Amino acid sequence: CTLCCFAKTTNTVYFDVTIADPKTKKPTPVGRITFALFGKEAPKTVENFRALCTGEKGYGYKGSPFHRVIDGFILQGGDITEGNGRGGKSIYGPRFAD
């Protein structure tokens, strides 16, 4: 990624990922995804993502599912309201410019 080579990381956040057993619903830890954030490049987007990762506003990504998984390619998540990719929430309201 070109941006990663030149931009300064301003924050680092992570997701601790679990997979629930389909029968018992018991979660099993499977790893951590760490994100380097570039706040000087997109300050509002970074602050929104950071705050949703920490849950400091009383809501956030904790417990929300990945609603789309393509093995070896992509995980999509972040829909903390609907859980299916059609919802979401930001610390700034429905829309914000960055």
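What this report covers is the structure whose coordinates are included nearby. All figures in this text were calculated on a predicted structure; none of them were measured in a lab.

1. Regarding the overall build of the protein chain
Helix and strand counts for the protein chain stand at two helices and four strands. Overall, the protein chain shows an N-to-C arrangement of helices and strands of α-β-β-α-β-β. When the backbone C-alpha atoms are referred to their principal axes, the protein chain occupies close to 45 × 30 × 25 Å. Looking at the protein chain residue by residue over its 98 residues, the buried ones come to 18%.

2. Remarks on the pairing of strand 3 (residues 66–70)
Pairing of strand 3 with strand 4 (residues 74–77) involves four bridges; the strand directions are antiparallel. The partner of isoleucine 70 across the bridge, within strand 4, is isoleucine 74. Between strand 3 and strand 4, which pair antiparallel in sequence order, lie three residues; one of them, glycine 72, sits at a positive phi of approximately 75°.

3. Topic: unusual backbone geometry
The phi angle at lysine 25 is positive, at roughly 65°, despite the residue not being glycine. Among the structural elements, lysine 25 can be located in the loop between strand 1 (11–20) and strand 2 (27–37).

4. Looking at the nonpolar core
One finds Val13, Phe15, Val17, Leu37, Val46, Phe49, Leu52, Cys53 and Tyr61 forming the largest nonpolar core, which totals nine residues. Within the residue set of this core, elements represented by two or more residues are strand 1 and helix 2 (43–54). With four residues, the single largest contributor to this core is helix 2. Contact partners of leucine 52, with chain neighbours within four places excluded, come to Tyr59, Gly60, Tyr61, Ile80, Lys89 and Ile91.

5. Here we look at helix 2
Since the α-helix advances by 3.6 residues per turn, residues separated by three or four positions end up pointing in the same direction. Its twelve residues place the ends of helix 2 16 Å apart at the C-alpha level, agreeing with the 16 Å of an ideal helix rising 1.5 Å per residue. Among the residues of helix 2, Val46, Asn48, Phe49, Arg50, Ala51, Leu52 and Cys53 are the ones counted as buried. Summarising the contacts, the buried residues of helix 2 are in contact with strand 1 and strand 2. Downstream of helix 2 by one or two residues, glycine 55 has phi in the positive range, about 75°.

Conventions and cut-offs
Residues numbered from 1 in each chain as written. Predicted model: local features only at pLDDT ≥ 70, side-chain atom pairs only at ≥ 80, totals over all residues. Heavy atoms only, no water. Helix = DSSP H or I, 4+ residues; strand = E, 2+ residues; numbered from the N terminus. Buried < 20%, exposed > 50% of the residue type's maximum accessible area, 1.4 Å probe, protein only. Pairing = 2+ DSSP bridges. Core = buried A, V, L, I, M, F, W, Y, C linked by side-chain atoms within 4.5 Å. Contact = heavy atoms within 4.5 Å. Expected span 1.5 Å × (residues − 1).

Structural measurements only, silent on function.
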